[in-house]
Amino acid sequence: MLTVVLDPAHGGADFGARGPTGLAESDVVLDFARAARIALEAQRLRVLLTREGNQDPTFDARSTMINGLTNAIFISLHVSSSGPVGTVRTYYYLFPTNVTPAVNPAVGAPPQTATPQTSGAQLTRASLIQWDQAQRSSVDSSRQLAFLVQTVLVQRFKGSPDAPIAAPVRQLRTIKGPAIAIELSSIDVTDAKRLDQMAQPLAEAIGRAVAEFHPLSAAPTTPSGAH
Ligand SMILES: [Zn+2]
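Parameters and conventions
Residues numbered from 1 in each chain as written. Predicted model: local features only at pLDDT ≥ 70, side-chain atom pairs only at ≥ 80, totals over all residues. Heavy atoms only, no water. Donors = N, O, S within 2.8 Å, 3.2 Å for Na, K, Ca; no water. Helix = DSSP H or I, 4+ residues; strand = E, 2+ residues; numbered from the N terminus. Buried < 20%, exposed > 50% of the residue type's maximum accessible area, 1.4 Å probe, protein only. Polar contact = N/O pair within 3.5 Å; in protein donor to acceptor, adjacent residues only side chain to side chain. Contact = heavy atoms within 4.5 Å. Axes fitted to C-alpha atoms, helices over the stretch in contact; angles between N-to-C directions. Parallel < 35°, antiparallel > 145°, perpendicular 65-115°, else oblique. Left-handed = near helix turned anticlockwise from the far one by under 90°. Nonpolar A, V, L, I, M, F, W, Y, C, P; charged D, E, K, R; others polar. Pairing = 2+ DSSP bridges. Phe/Tyr/Trp six-rings, centres within 6.5 Å; stacked < 30°, edge-to-face > 60°. Lys NZ or Arg CZ within 6 Å of the ring centre and 35° of its normal.

1. Digging into the coordination of the zinc ion
When four donors bind a metal tetrahedrally, each ideal donor-metal-donor angle is 109.5 degrees, and when six bind octahedrally, the ideal angles are 90 or 180 degrees.
Part 1 of the argument: Every protein donor of the zinc ion is accounted for by His-10 (NE2), Glu-25 (OE) and His-78 (ND1), and the metal-donor separations fall at 2.0 to 2.1 Å.
Part 2 of the argument: Written as a sequence motif, the donor residues of the zinc ion are H-x14-E-x52-H. Here His-10 is found in the loop between strand 1 (3-8) and helix 1 (25-42), whereas its partner His-78 is found in strand 3 (residues 72-79), with 68 residues between them in sequence. Across the pair, exposure class does not vary: His-10 and His-78 are buried alike.

2. Here we look at the side chain of Ser-141
Part 1 of the argument: When you line up the elements, Ser-141 lands in helix 5 (residues 139-156).
Part 2 of the argument: Ser-141 gets classed as buried once you look at its relative accessible area, which sits at 16%.
Part 3 of the argument: In terms of polar contacts, Ser-141 uses its side chain to reach the backbone carbonyl oxygen of Ser-138, at 3.2 Å.
Part 4 of the argument: Beyond its immediate stretch of four places on either side in the chain, Ser-141 contacts Pro-178 and Phe-213.

3. Some details on the packing of helix 1 against helix 7 (residues 193-212)
Packed helices, taken two at a time, are described by the angle their axes make and the gap between the axes.
Part 1 of the argument: Axis separation between helix 1 and helix 7 bottoms out at 8 Å; the angle between their running directions is 40°. In terms of axis orientation, helix 1 runs oblique to helix 7. For the pair helix 1 and helix 7, the sense of crossing is right-handed. Along the contact surface, helix 1 presents Val-28, Phe-32, Ala-35, Ala-36, Ala-39 and Leu-40, while helix 7 presents Leu-195, Met-198, Ala-199, Leu-202, Ala-203, Ile-206, Gly-207 and Val-210.
Part 2 of the argument: Tallied by class, residues from the contact of helix 1 with helix 7 come to 13 nonpolar, one polar and no charged.

4. Some words on the sheet that holds strand 6 (residues 179-184)
Part 1 of the argument: Here we have six strands laid out as an open sheet, ordered 2-1-3-6-4-5, and mixed in their pairing. The two strands at the open ends of the sheet, each matched to only one other strand, are strand 2 (46-49) and strand 5 (165-167). Adjacent strand axes in the sheet meet at a mean angle of 30° when their direction is disregarded.
Part 2 of the argument: By the bridge criterion, six bridges tie strand 3 to strand 6 in an arrangement that is parallel. The residue bridging Leu-77 from the neighbouring strand is Ile-182, located in strand 6.
Part 3 of the argument: Each of strand 1, strand 3, strand 4 (88-93) and strand 6 touches helix 7; the most contacted strand, strand 3, lies at about 160° to it.

5. Side note on the packing of aromatic side chains
Part 1 of the argument: According to the stated counting rule, one finds one aromatic pair in the structure shown.
Part 2 of the argument: Relative to Phe-95, the ring of Tyr-93 lies with its centre 4.7 Å away and its plane at 65°, an arrangement referred to as edge-to-face.
Part 3 of the argument: When its relative accessible area of 5% is taken as the criterion, Tyr-93 is described as buried.
Part 4 of the argument: Lying across the ring of Phe-15, Arg-18 places its NZ or CZ 4.3 Å from the centre.
Part 5 of the argument: The positively charged end of Arg-136 is found above the aromatic ring belonging to Phe-95, 4.1 Å away from the centroid.

Below, the structure is given as structure tokens:
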């Protein structure tokens, strides 16, 4: 059975972005995660949240929740500090030292191959490389998942970009398995209802995309020629 690990980002003393009325990103993303859990559990999927309340687990603690599982995906949820209200972006991890080779979608490339070519600054961290760069083994499936999610999201949140964005999102780097971050805009609202209204369509979109995602088999062709 597929497990979906939902990650309401921030928490505890880390509120994330704050709105003009004091609205905290950490609270909004927890509401989003709870709505998404209901939608996913209705599809008979196993769902874990990296935090159930206002705790603040570390990046590594959150990664640990998925890294021991074999058939699981990780979805981190954020709300931006600004930007057009009602739009959504999906991110997958881009390794900064891998900008040029990333053009080549080499599925299953051994993760160690990048180690000898890394610069001096990276070599000092060589002993940490396996955990620290766990996402290297899942770059292609994460990108596939991100395309799927963003394609569904853009239908419900008009004005969102058509494609996901590659970026070095810290939380995703230490995850072994398909991992994406979804960022909704924005916390800069005076009426919290404008964000509340996004929870249900977001949950439905996540449910639909996850249902179409087949990480371990030959995936159906994804839209717009995505790899
Ligand atoms: Zn955030």
